Amino acid sequence: MKDLVGLFPYWAVALLMMTGLYIVIAQGNLVKKLIGLGIFQVSVFVLYIAMGVVSGGTPPILETGFVTYSNPLPSVLILTAIVVGVATLAVGLALAVRIRESFGTVEEDELLPLTEPEAPADAEPHA
Amino acid sequence: MSGAGLMLAALALPLATALLIALVGERRPDLREAVTLAGATALAITVALMIAGFDSATAAPLVLATLVPGFSLTLKAEPIGLVFAGVASGLWILNSLYSIGYMRAEHAPRQTRFYACFALALSAAMAIALSGNLATLFVAYEILTLVTYPLVVHWQTEGAIEGARRYLAYLLATSLVPFMAALVWTWVAAGTLDFTPGGILAGKVSAALMPVLLGLYAYGVGKAALMPLHGWLPAAMVAPTPVSALLHAVAVVKAGVFTLLKIAVYIFGLPTMAAAGDWLVWVAGGSVIAASLIAMTKDDLKARLAYSTVAQLALVTLAVALGEPLAIAAGVLQLVMHAWGKITLFFGAGAIQIATHKKKLSEIAGIGAQMPLLIVSFLGGALSVAGLPPFGGMWPKYLLLEAAAGRHMVLLVVCLGLSTLLTLGYLLPVVITALFRKPRDEDPHALPDTGHEPSPLPLLALLPPVITAAGCILLFLAAPAILAFIAPAIGLETLP
Amino acid sequence: MSVLDHAPVLVVVLPLLTAPIIALLRSARVAGVATFVVAALDAALAFVLFARTLDGSVISYAMGGWAPPIGIEYRIDLLSAVMACLTSFSAALVAWFLPVSIAPEVTPGDRPRLFAAFLLCLAGLTGMVVTGDLFNVFVFLEISSLATYVLIAAGAGRDRRALTAAFDYLILGAVGATFVVIGIAFLYVVTGTLNMADLGNRLPLAGKRAGVVGASFLFVGLALKTAMMPLHRWLPNAYTFAPAAVTTFLAMTATKVALYLMIRLAVLVFGTPDEIGRINFATVLPPIGLVMLIAGSALAVVSADLKRLLAFSSIANLGLMLVALGLGGAAGIAAALVNLINHAVIKGGMFATVAGIVHRRGSSRMDSLAGLSREMPFAFVFLMIGGMGLIGVPLTAGFVSKLLVVKTAFDLGQTMIAAGVLLSSLISVVYVWRIVEACMIAKPAKPGRRHDVHPIFAAPMALLGVGTLALGIEGGPLLDVATRIAAALTGGAS
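Residues numbered from 1 in each chain as written. Chains lettered and ligands numbered in written order. Predicted model: local features only at pLDDT ≥ 70, side-chain atom pairs only at ≥ 80, totals over all residues.

*Asks:* Just checking my understanding: could you explain the overall build of chain A for this structure?
*Replies:* Scanning chain A from terminus to terminus reveals 5 helices and 0 strands. When its helices and strands are written in sequence order, chain A yields α-α-α-α-α. Across its three principal axes, chain A shows a C-alpha extent of roughly 70 × 35 × 20 Å. When burial is assessed residue by residue, chain A has 26% of its 127 residues classed as buried. Sequence-distant contacts, at least 24 apart, represent 44% of the contacts inside chain A between residues at least 6 apart. (Helix = DSSP H or I, 4+ residues; strand = E, 2+ residues; numbered from the N terminus. Buried ≥ 20, exposed ≤ 12 C-beta atoms within 10 Å, placed from the backbone. Contact = placed C-beta atoms within 7 Å.)

*Asks:* Mind showing me how you'd approach the overall build of chain B here?
*Replies:* Within chain B one finds 18 helices and 2 strands. On C-alpha atoms alone, chain B measures out to a radius of gyration of 21 Å, which is about the 23 Å that the 2.2 N^0.38 rule sets for 496 residues. Based on the C-alpha atoms only, the size of chain B along its principal axes is roughly 70 × 55 × 40 Å. Expressed as a percentage of the 496 residues in chain B, the buried residues total 59%. When contacts within chain B are restricted to residue pairs at least 6 apart in sequence, long-range pairs at least 24 apart make up 81% of them. (Rg over C-alpha atoms; globule rule 2.2 N^0.38 Å.)

*Asks:* In this structure, what is going on with the interface of chain B and chain C? I would like to understand it.
*Replies:* By a widely used convention, the size of an interface equals the accessible area lost when the partners come together. With 24 residues of chain B in contact, the opposing surface of chain C contributes 25 residues. If you list the elements that add at least two residues to the side of chain B that touches chain C, you get strand 1 (62-68), helix 5 (134-152) and helix 6 (158-190) of chain B. Top contributing element to the side of chain B that touches chain C by residue count: helix 6 of chain B, with 12 residues. Partitioning the side of chain B that touches chain C into residue classes produces 21 nonpolar, 2 polar and 1 charged. (Nonpolar A, V, L, I, M, F, W, Y, C, P; charged D, E, K, R; others polar.)

*Asks:* Please explain the nonpolar core as it appears in this structure.
*Replies:* Across soluble globular proteins, nonpolar side chains show a tendency to be buried alongside one another. Leu144 of chain B together with Ile152 of chain C are the most contacted members of the largest nonpolar core, which has 449 residues in total. Not counting residues up to four positions away in its chain, the partners in contact with isoleucine 152 of chain C are Ala162, Ala165, Ala166, Tyr169, Ala238, Phe241, Ala242 and Val246 of chain C. (Core = buried A, V, L, I, M, F, W, Y, C linked by C-beta atoms within 7 Å.)

*Asks:* In this structure, what is going on with the interface of chain C and chain A? I would like to understand it.
*Replies:* Contacts between chain C and chain A engage 33 residues on the former and 33 residues on the latter. Elements represented by at least two residues in the side of chain C that touches chain A include exactly helix 5 (134-153), helix 6 (161-191) and helix 9 (234-241) of chain C. Looking at which element gives the most residues to the side of chain C that touches chain A, the answer is helix 6 of chain C, with 14 residues. In terms of residue class, the side of chain C that touches chain A is made up of 20 nonpolar, 6 polar and 7 charged.

*Asks:* What's the story with the confidence of the model for chain B in this structure? I'm lost.
*Replies:* For residues with low pLDDT, the predicted coordinates do not support detailed interpretation. Per-residue confidence for chain B averages 88 on the pLDDT scale, and 96% of its residues sit at or above 70. Both scores are available for the predicted complex, with the pTM at 0.91 and the ipTM at 0.92. (pLDDT = per-residue confidence, 0-100.)

*Asks:* What is the right way to look at the environment of glycine 475 of chain C in this model?
*Replies:* Tracing the backbone shows glycine 475 of chain C in the loop between helix 18 (458-473) and helix 19 (476-491). Here glycine 475 of chain C falls in the buried class, since 25 other C-beta atoms lie within 10 Å of it. The spatial distance from the C-alpha of glycine 475 of chain C to the C-alpha of valine 400 of chain C is 6.7 Å, given a sequence separation of 75 residues. Discounting chain neighbours no more than four positions away, the residues touching glycine 475 of chain C are Leu67 and Val68 of chain B together with Val400 of chain C.

*Asks:* Would you explain unusual backbone geometry in this entry?
*Replies:* Leaving glycine out, the prevailing phi sign among residues is negative, and the prevailing peptide bond configuration is trans. The amide bond that connects methionine 227 of chain B to the next residue, proline 228 of chain B, takes the cis arrangement and shows omega of 5°. Geometrically, the link from methionine 229 of chain C to proline 230 of chain C is a cis peptide bond, its omega value of -5° lying close to zero. With respect to the helices and strands, proline 230 of chain C occurs in the loop between helix 8 (208-225) and helix 9. With a phi close to 55°, arginine 110 of chain B is a non-glycine residue in the positive phi region. In this fold, arginine 110 of chain B is placed in the loop between helix 3 (79-105) and helix 4 (111-129). Accessibility expressed as a C-beta count within 10 Å gives 15 for arginine 110 of chain B, which makes it partly exposed. A positive phi angle, near 85°, is found at leucine 395 of chain C, a position not held by glycine. Inspection of the secondary structure puts leucine 395 of chain C in the loop between helix 15 (377-391) and helix 16 (397-411).

*Asks:* What is the right way to look at the arrangement of the chains in this model?
*Replies:* The pair of protein chains exhibiting the most contacts, out of 2 pairs of chains in contact, is chains A and C. Regarding chain A and chain B, which are not in contact, the minimum distance between any of their C-alpha atoms is 25 Å.

*Asks:* Honestly, the environment of tryptophan 155 of chain B in this entry has me stumped. Any pointers?
*Replies:* Residue and element names in this part refer to chain B. Residue position: tryptophan 155 is located in the loop between helix 5 and helix 6. Expressed as a C-alpha distance, the spacing of tryptophan 155 and proline 240, which sit 85 residues apart in the sequence, is 7.6 Å. Each residue touching tryptophan 155, except ones within four places of it in the same chain, is listed here: Ala160 and Val238.

*Asks:* I keep staring at helix 18 of chain C and nothing clicks. Help me out?
*Replies:* The periodicity of an α-helix, 3.6 residues per turn, causes residues three or four places apart in sequence to face the same way. Compared with the 22 Å implied by 1.5 Å per residue over 16 residues, the 22 Å span of helix 18 of chain C between its first and last C-alpha is a close match. Listing the buried residues of helix 18 of chain C in full gives Pro460, Met461, Leu464, Gly465, Gly467, Thr468, Leu471, Gly472 and Ile473 of chain C. (Expected span 1.5 Å × (residues − 1).)

*Asks:* In this structure, what is going on with the packing of helix 3 of chain B against helix 10 (residues 252-268) of chain B? I would like to understand it.
*Replies:* Packed helices, taken two at a time, are described by the angle their axes make and the gap between the axes. Residue and element names in this part refer to chain B. Orientation of helix 3 relative to helix 10, taken along the N-to-C sense of each, is 170°, at an axis distance of 10 Å. Taken together, the axes of helix 3 and helix 10 are roughly antiparallel relative to one another. Mapping the contact onto sequence places Ile80, Phe84, Val87 and Ala88 in helix 3 and Lys254, Phe258, Leu261, Lys262 and Val265 in helix 10. Classifying every residue of the contact of helix 3 with helix 10 gives 7 nonpolar, no polar and 2 charged. (Axes fitted to C-alpha atoms, helices over the stretch in contact; angles between N-to-C directions. Parallel < 35°, antiparallel > 145°, perpendicular 65-115°, else oblique.)

*Asks:* Can you help me understand the packing of helix 5 of chain B against helix 10 of chain B in this one?
*Replies:* Residues and elements named next belong to chain B. In contact at an axis separation of 11 Å, helix 5 and helix 10 are set at 170° when each is read in the N-to-C sense. Taken as axis vectors, helix 5 and helix 10 run roughly antiparallel relative to one another. Contacts between helix 5 and helix 10 involve Leu134, Leu137, Tyr141, Leu144 and Thr148 from the former and Val252, Ala255, Thr259, Lys262 and Ile267 from the latter. Per-class residue counts for the contact of helix 5 with helix 10 are 7 nonpolar, 2 polar and 1 charged.

*Asks:* Please clarify how the environment of methionine 461 of chain C should be interpreted in this entry.
*Replies:* Mapped onto the fold, methionine 461 of chain C is located in helix 18. With sequence-adjacent residues up to four places away left out, methionine 461 of chain C is seen in contact with Gly349, Ala352, Thr353, Gly356 and Phe382 of chain C.

*Asks:* Even after reading the chapter, I still don't get the pairing of strand 2 (residues 71-75) of chain B, so can you show me in this structure?
*Replies:* Residues in a regular strand project their side chains so that they alternate between the two faces of the sheet. Residue and element names in this part refer to chain B. Counted residue by residue, strand 2 has 4 buried out of 5 residues, so it is predominantly covered. Where strand 1 and strand 2 come together, 5 bridges link them in antiparallel fashion. What sits directly across from threonine 66, in strand 2, is serine 72. (Pairing = 2+ DSSP bridges.)

Set out below in structure tokens:
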């Protein structure tokens, strides 16, 4: 019981991670895949932050009265990772928009016959 | 010129010839052919100088490059190699003369590529002949396979493409897998790849595994066409006849059996070879008989000659497997004699094709009347290949018989005798049909007349076979000199 | 401190800071020239690093003056320097012909931004090899990956499947990178440090299970970036549909850098050159590598497009590198490194030649190559040299690569692996011969006139082609460097 409550953040991490991965794999819509990717990445953020928290800790302030600090480094790392995630999402969505313009769809099962790798080339309509 | 300089020249001259041929190109065909002949002559002179000036005490290795520490490209002159170089360079001149006659008579396309690749093949053959270690031999061996591909696929018809693929498939598969495996195994076991008198493997590989290593070499050297991996040789018949002459006589198969000879003498060492080679004697012997029998069933002249080569090469493999000086001497002589004999036969078959457009035994009845000199030369070549005096081909057969008798191998003696009979059995009918059978005008099986008048035989296509046939007789007399030249290297004490 | 003392960081910062400037330029011509100049300068800096570490010394550079292990450290030994040379020289070679090569595919207005993405990719890849901080590795990994997705998508001008290829790679790449960051999280949690050398010191003392979990996540994430089977699916499409110049750059660098990371992590972080956590290289890598060798070659045989054929060939060669690494010990690492450099040169040369062909003829389909030997002899020669390198014909770098792996396998008694490698080279003969026949034997529909590649492609093709031969004729120097690196890695492992 103590493990369930005390390790609650890590259960959340596992749940989010699996949910995100499942969406990436199972969803055929490209935008939904990106959403799943986002959820997957969020789980990692929670993992880091949860690792950094010290019970009873405060931000690292150099003043009397502040003795126990929570680790600030994971938060910093996560800021970087969030930015990376945002950038990935942006590029992904831009690609999805271009795919929609070019192929007319963002559904994977409609895209597959149009993107047969061994077929001859087919340039963009608005190249 | 120093020894090292001559060795470099032997490799560089054909290379330069190839380059010049490519530069001259299709614009000036006569100049281009002159370049080939000049290059061939220069090479022959270089090799002659090397042979004349050879002294085993002063022959030093020449390191050209080191691919990886322990795997270096090294040239070193030694008797067996010089014999091979002599054969290749001498026959290149004659083959080039014949090529000019043949290719022009057939109005062949892509002749620049043809002559250039020919020269490259000779350069590779020289590198094989002068190799100082197994690494160099392997590298040159691979390059030879690749530069002969354009020659085999020359006509670029469907059949030629298919045949060339098989050629490449067999030769690359055997060299990339068993040959390379054997090479690395030898390298790891012996610590070196240098050709050393007495061999480098004695005691380094267990007696149980030595035949396995030998097997990897015997089949890895695909150019020796040991059955059942001989299929590339008949497949290569799709090439123009001068290329067949190159393959069978000048360079390719000779490189194969030469490799086996070098490996036997300088990698295994003769005692080790004799101990490990028992099984190979019988496989090679079987190959001789089987290939000879198949040759007798072939109607196409070149196919007949191809299987004949398979059989004759197996005699060298057999000699190598016996592993004693007398047998090795027989193997070296067979390399020389078969080259001169077989090239005569191929020149003959090609000449028949130019003059009459006939390729099959069943079609050449009575053509001897048109080209008596050619058919007589063909007869000379045939008798030499069969091993009858006064032709050079008698020597290797005789020495092999002596070696077999010396080991009390009765079955082998019988096998060798049978091979001579079978050789006569598949070669003589060509001569007999050409000379003595009457052409049958209302032959229902005759091919429709293509409307071609039988063309006169170009001089350049007639002269080379006459010269090589005469050469077979001269070699009969020259054999003892060759034996004396190689005797110290192989430990031959008493000359027969 | 002279400028060159800052080389460790300049080699990353230079392309990183010039990229946005180039993106803002209006003239595509100026942007193209600027890109090449930056890449060339970067190559010079990398060479300085190489010269300084050749004797075995290790350069340690503290970012911002903050001493490691608290501060971020850039740690450059001979291996890092060699890899930095690889990425920057590849970039310089490609930047030389990139503007001309992508001209038919990208509008002039978009080109400066493309060049910027190219430089960012270079910055990311170089950053990965020079940094000594594990999270920094992740950051640069993502920088290079994002830039790569953009670069691949630029191929849409010629073939719109580049967009879906880029998207697929984005999804897979992001998942892989996230796995890496999860792995880093676990390692951080048990040791409290992100400095790779420091991790190496502290990891054995820490709790076992978290370390193993972290290692596993890291390994899987890197495996995806290395295109290790079964995580290789992104590579064929990405290489095929990206612009040929981009493919040239990627083929020479991307997967190689990921392989470098695997070696670096194993040695520096986990302290054993032979395993990452519980994942033992000797058990895992040779089987996967052999499967990649055989399957990659087999798939290359049936490809209808030359770039796709070469992409599958790359997978096969990556398999060979993994087999070499799996043989273990200093000999295995040295063989893997030689294979890495040799393959970069061979494949780079081939893709550069393909770029020249595509630029002139508009297509890289196998059936459009007919008549190439007559119409584009210069390109044909270098395509042949590369092809011989892929088969492993002696006198090419490919032979040296294969010989080293086979000999090392024999030396270690692993005859089955040696046999597997030799047999797989047979399949490579088949697909290379398809190229030969397509160019030399196949009859073109209508005979064209002689119109060889645009002159700008000549220098990279020639350099890489000659390099293929030079590394094959005198393979000693490279092997010497690789052996020294391997000895330092295995002897000095903590």
